[in-house]
Amino acid sequence: MISSLRGQVQHVGLDHAVVEVGGVGFAVQMTPSTLATLRRGEEASLATTLIVREDSLTLFGFADAEARELFGLLQTVSGIGPRIALATLAVLEPDKLRHALAEGNITVLTQVPGIGKKGAERLIIELRDKVGTLPTPTTPAHSQTRDHVVEALLGLGFPAKAAEATVDNVLADNPDQSTSAVLRRALATLGRK
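Remember, predicted model here, so these are calculated numbers, not experimental data.

Attention shifts here to the pattern of salt bridges. What the rule picks out here adds up to 4 salt bridges. A salt bridge links Arg98 to Glu66; its shortest N-O distance comes to 3.1 Å. Here the residue Arg98 occupies a position in helix H4 (residues 94–103), and Glu66 occupies one in helix H2 (residues 65–74), the gap between them amounting to 32 residues. Glu66 carries the same exposure label as Arg98, and that label is buried.

And the structure:
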């Protein structure tokens with residue numbers, strides 16, 4: 001399975017891009033929002049999923065691993081194939097999709113071409129409990145800071161749940177803080193409790 005690609009963008013189309021890796025050009029199907037981030041001649045790094053059918057091998061690309069996981073999860077629902085799963089991610093950002101599934105919002109889910117009321121109900125029933133198990137989205141720098149501070153708090157003996165919740169609250173107020181600033185604020189908050 002091809003789980004990621006990094007290479008030079010050779011072509012950007014309406015629904016796909018060609019990424020050259022080691023002299024081989026891979027046609028990768030993507031959402032319009034992911035395609036908009038690519039520039040011809042520049043290097044791109046994509047999380048990917050290879051779908052193998054009797055008559056085709058199709059590579060789907062995503063800006064991050066979270067979108068790739070949602071893509072795979074959507075396909076576990078009866079009647080949802082790769083095209084509808086990709087269309088779902090094209091219409092709904094991962095956060096919006098999670099909220100719609102968690103809240104049982106049929107109106108939001110039926111905005112996706114190919115998903116009617118029954119399909120939306122099936123998505124909600126089958127995925128409502130599963131979307132909470134995927135990692136919460138964070139930016140890479142934000143994620144590193146969060147991981148370092150949580151690890152430090154665990155080393156100091158704070159419970160994992162309290163440490164994670166406190167660090168998330170501190171980062172929600174100001175995500176661009178340095179690791180030491182986040183640690184100081186988290187310690188101050190936990191000290192008050």
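Read on, since the account is not over.
Between helix H8 (residues 160–173) and helix H9 (residues 179–192), whose axes approach to 9 Å, the crossing angle comes to 125°. Compared by their axis directions, H8 and H9 come out oblique. The element H8 and its partner H9 pack so that their crossing is right-handed. Judged by residue contacts, Ala162, Thr166, Val167, Val170, Leu171 and Asp173 of H8 engage Val182, Arg185, Ala186, Thr189 and Leu190 from H9. Of the residues assigned to the contact of H8 with H9, the class counts are 7 nonpolar, 2 polar and 2 charged.

Thresholds, definitions, all that
Residues numbered from 1 in each chain as written. Predicted model: local features only at pLDDT ≥ 70, side-chain atom pairs only at ≥ 80, totals over all residues. Heavy atoms only, no water. Salt bridge = Lys/Arg side-chain N within 4 Å of Asp/Glu carboxyl O. Helix = DSSP H or I, 4+ residues; strand = E, 2+ residues; numbered from the N terminus. Buried < 20%, exposed > 50% of the residue type's maximum accessible area, 1.4 Å probe, protein only. Axes fitted to C-alpha atoms, helices over the stretch in contact; angles between N-to-C directions. Parallel < 35°, antiparallel > 145°, perpendicular 65-115°, else oblique. Left-handed = near helix turned anticlockwise from the far one by under 90°. Contact = heavy atoms within 4.5 Å. Nonpolar A, V, L, I, M, F, W, Y, C, P; charged D, E, K, R; others polar.

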